[in-house]
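Breakdown of the fold
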Amino acid sequence: MKKFKKRALQVTGALCILYLLLLIPDRNNSVIIKASETPFAWNKDSLWLQLEADFRDAAKQRKGKVDSSIQEHFALQELLYNRISSRQIESTDTNLNRLLGSFFIQAALVAARPSHLDSFIRQYNKIRGQVKLQSQHWGMGSKIVRDNIYQVLYGMRAGAEEVLLQAGNSAFAPVMPVTDEPSATASTNIFGIKVHSGDLLVSRGGAEVSALISRGNDYPGNFSHVAFIYVDEKNEPFLIEAHIERGVVISTAEQYVKDKKLRFMVLRPRADLPVMKNDPMLGQKAAKLAYEETTKRHIPYDFKMNFRDSSAMFCSEVGSYAYKKEGIRLWQAVSTISSQGVVNWLHEFGVENFVTQMPSDLEYDPQLSVVAEWCDPETLYKDHIDNAVMDVLLEEADKGRQIRYSTWQLPIVRVIKGWCVVKNYFGKPALIPEGMSATQAAKNQYFVGMYNELRVKTIQLAEQFVETNHYKPPYWQLIKLAREANSVIEKS
């Protein structure tokens with residue numbers, strides 16, 4: 001009996017020592033490569049409120065009067081469009097600002113009169129197609145150019161989406177064709193959209209970290225993931241994509257569609273690019289290169305987001321790596337993350353490079369055409385709520401809020417991580433992804449809880465807004481509601 005007690009004490013003591021050892025914090029010797037830019041800021045709160053007031057007034061006015069105003073804006077936009085399309089312009093051309101101003105005002109009116117929605121969306125796609133075409137001459141390395149193209153393209157996107165959300169199910173087709181960009185490569189159909197081998201499929205996931213990737217950028221966007229499509233010689237489609245959980249993998253089209261997405265956009269290299277004219281099958285070659293590279297070696301997920309090192313890759317890097325090998329350098333203007341709060345939070349999850357390639361910024365690459373988009377009223381509204389929640393959390397990050405974790409639970413998480421390492425060794429996905437430490441996993445759990453708490457409260461306030469006002473809260477109101485929700489949570 002004494003011998004048993006002695007052994008039990010020895011085992012207990014050893015476990016206590018092991019537990020204390022597992023409590024030792026990680027050393028973080030990584031070097032932060034930070035951008036020296038400044039985040040884009042709209043600073044147009046008074047305009048947003050005026051547009052909302054215009055929308056409410058239009059809903060009360062005679063239909064004929066509102067219809068007449070909408071037609072006046074169509075006429076003005078056509079005039080301005082002809083001015084910019086008839087010659088090569090700069091990003092500072094005043095006609096672009098006038099176009100955007102007219103578009104915003106018209107959006108408020110069309111939101112009240114959704115019978116004009118189809119014409120409004122066609123006008124939107126026509127204008128953004130011309131802006132994309134003009135931008136190939138603008139020099140994307142300039143901060144002024146990047147601000148201007150973002151203001152026009154993202155501003156018009158935001159205006160169009162507010163109209164779509166107010167229109168609701170009655171007039172909202174999930175598939176939006178944009179540009180019929182020619183392609184010589186094999187094709188398939190995803191989400192009801194014809195896509196070609198070599199296309200880049202940019203999407204927004206439903207996970208909490210997707211909102212952070214979309215919004216944690218000097219130019220906040222709506223996309224968090226990039227996949228590269230390859231259609232083989234047997235006309236079988238595959239998606240090459242980097243997942244946090246598994247690294248770079250090859251998915252079937254069915255697997256890609258089943259993976260939860262809030263929105264989806266197809267980008268394709270312009271057929272009139274010199275390299276594409278010289279070799280119309282370049283997209284096929286790049287896609288095949290990415291496919292074969294993935295079959296030859298295990299490519300872990302790149303938490304550092306270093307697009308210059310292909311030994312590990314994050315999602316954007318898969319396409320940019322393959323196209324660079326074939327002579328197209330995507331992200332002519334690299335993405336920058338300058339906000340200190342965003343830098344601090346992303347660094348907690350292992351990011352070291354804040355001059356990188358973010359999925360949302362690919363939309364502004366002048367070498368690419370937007371072929372089509374997919375979303376529906378439910379997922380679009382969820383996307384807007386998630387964005388608002390994340391924007392408010394990132395405001396808190398800039399104020400110094402930290403991502404914490406339970407110190408006492410860390411030893412348990414480290415034991416789980418040990419088991420995950422074994423599974424990863426045998427090529428199996430695990431609860432804690434390869435390349436993510438136990439501490440980072442614990443912080444991710446805290447982040448998810450923090451995010452979901454604010455999201456639930458924001459949704460409650462948004463439902464009250466709809467009940468009171470009889471329309472969905474536009475984005476600036478969602479931000480206000482998320483701030484209010486955050487204040488309530490802090491006081492509780």
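First, a word on scope: everything that follows refers to the structure included in this document. Bear in mind the structure is a predicted one, so any value in this text is a computation, not a measurement.

With respect to the overall build of the protein
Counting secondary structure elements, the protein contains 16 helices and 11 strands. Compactness check: the protein gives a C-alpha radius of gyration of 25 Å against a globular reference of 23 Å for 492 residues, within 12% of the reference. Each of the three principal axes of the protein carries a C-alpha extent, and together these read 95 × 60 × 40 Å. Taking all 492 residues of the protein together, 54% fall into the buried category. Considering only contacts in the protein between residues 6 or more positions apart, those separated by 24 or more positions represent 76%. Surface summary for the protein: the accessible area is close to 23,000 Å², and the carbon and sulfur share equals 54%. Looking at the protein, you have 60 positive and 55 negative side-chain charges, and the mean spots of the two groups are 6 Å apart.

Observations regarding helix α2 (residues 45-60)
Structurally, the α-helix is built with 3.6 residues per turn, so residues lying three or four positions apart point the same way. Compared with an ideal rise of 1.5 Å per residue, which puts 16 residues at 22 Å, α2 spans 24 Å between its outermost C-alpha atoms and is within 8% of the ideal. Every buried residue of α2 is listed here: W48, L51, E52, A53, F55 and A58. Its buried side turned inward, α2 meets α3 (63-85), α4 (94-112), α6 (143-167), α15 (438-469) and α16 (475-491).

Thoughts on the pairing of strand β11 (residues 368-374)
For β11, the buried fraction is high: seven of the seven residues fall into the buried class. Relative to β11, strand β1 (residues 175-177) runs antiparallel, the two being bridged by three bridges. Pairing of V175 across the sheet is with W374, part of β11. Here six bridges tie strand β8 (residues 261-269) to β11, and the two strands are oriented antiparallel to one another. In the sheet register, P269 faces β11, and the bridge partner there is L368.

Quick look at unusual backbone geometry
What you tend to see is this: most non-glycine residues have negative phi, and most peptide bonds are trans. At N43, a residue that is not glycine, the phi angle is positive and equals roughly 55°. If you trace the backbone, N43 turns up in the loop between α1 (2-22) and α2. We classify N43 as exposed; its relative accessible area is 71%. Despite not being glycine, W331 shows a phi value in the positive range, around 55°. When you line up the elements, W331 lands in the loop between α11 (315-325) and β9 (335-336).

Re the pattern of salt bridges
Taken as a whole, this structure holds 26 salt bridges when the rule is applied. Among the ionic pairs, R157 bridges to E373, the shortest N-O distance being 2.8 Å. In this pair, R157 is assigned in helix α6 and E373 in strand β11, connecting sequence segments 216 residues apart. Of the two residues examined, R157 and E373, each falls in the buried class. The partner of R263 in a salt bridge is E161, and the shortest N-O contact between them spans 2.7 Å. Here R263, found in strand β8, pairs with E161, found in helix α6; they are 102 residues apart in sequence, far enough to count as distant.

Re the packing of helix α10 (residues 282-296) against α11
Running from N to C, α10 and α11 point in directions that differ by 120°, and their axes come no closer than 9 Å. In terms of their interaxial angle, α10 and α11 are classed as oblique. By crossing handedness, the relation of α10 to α11 is classed as right-handed. The segment α10 lies against α11, with L282, G283, A286, L289, A290 and E293 engaging Y321, A322, Y323 and K325. The residue makeup of the contact of α10 with α11, split by class, is seven nonpolar, one polar and two charged.

What about a positive patch on the surface?
A cluster of basic residues, R308, K324, K325 and R329, forms a positive patch at the surface. Summarising the element assignment, K324 is placed in helix α11.

So, the environment of A242
Relative to the assigned elements, A242 resides in strand β6 (residues 237-243). Residue class for A242 comes out buried when judged on its relative accessible area of 3%. Sequence spacing of A242 and M313 is 71 residues, and the spatial spacing of their C-alpha atoms is 6.8 Å. Excluding anything up to four places from it in sequence, A242 contacts H225, G247, V248, Y301, M313, F314, C315 and V318.

A few points about the state of the cysteines
Summed over the entire model, instances satisfying the criterion amount to zero disulfides. C375 provides the cysteine sulfur closest to C315, a residue in no disulfide bond, and the two sulfurs are 19 Å apart. For C315, a relative accessible area of 5% puts it in the buried group.

Some remarks on the sheet that holds β6
The strand order β1-β11-β8-β4-β5-β6-β7 describes an open sheet built from seven strands, whose pairing is antiparallel. Only two strands of the sheet have a single neighbouring strand rather than two, namely β1 and β7 (247-252). On average, each strand axis in the sheet is tilted by 25° relative to the strand beside it, whichever way the strands run. Alignment of β6 against β7, held across six bridges, turns out to be antiparallel. Considered in β7, the bridge of L239 is made with S251. Its contacts with the sheet put helix α5 (residues 117-135) on β1 and β11, and the angle it makes with β1 is roughly 50°. Packing against the sheet, helix α13 (residues 377-398) makes contact with β4 (200-205), β8 and β11, and its axis sits at approximately 95° to β8.

What to know about the side chain of K382
If you trace the backbone, K382 turns up in helix α13. Beyond its immediate stretch of four places on either side in the chain, K382 contacts G206, K260, L262 and R455.

Conventions we followed
Residues numbered from 1 in each chain as written. Predicted model: local features only at pLDDT ≥ 70, side-chain atom pairs only at ≥ 80, totals over all residues. Heavy atoms only, no water. Helix = DSSP H or I, 4+ residues; strand = E, 2+ residues; numbered from the N terminus. Rg over C-alpha atoms; globule rule 2.2 N^0.38 Å. Buried < 20%, exposed > 50% of the residue type's maximum accessible area, 1.4 Å probe, protein only. Contact = heavy atoms within 4.5 Å. Areas by Shrake-Rupley, 256 points an atom, 1.4 Å probe, with all protein chains shown as cover. Lys, Arg positive; Asp, Glu negative; His and termini not counted. Charge placed at Lys NZ, Arg CZ, Asp CG, Glu CD. Expected span 1.5 Å × (residues − 1). Pairing = 2+ DSSP bridges. Salt bridge = Lys/Arg side-chain N within 4 Å of Asp/Glu carboxyl O. Axes fitted to C-alpha atoms, helices over the stretch in contact; angles between N-to-C directions. Parallel < 35°, antiparallel > 145°, perpendicular 65-115°, else oblique. Left-handed = near helix turned anticlockwise from the far one by under 90°. Nonpolar A, V, L, I, M, F, W, Y, C, P; charged D, E, K, R; others polar. Patch = residues over 30% accessible without salt bridge, like charges linked within 9 Å, V, L, I, M, F, W, Y side chains within 5 Å. Disulfide = S-S within 2.5 Å.

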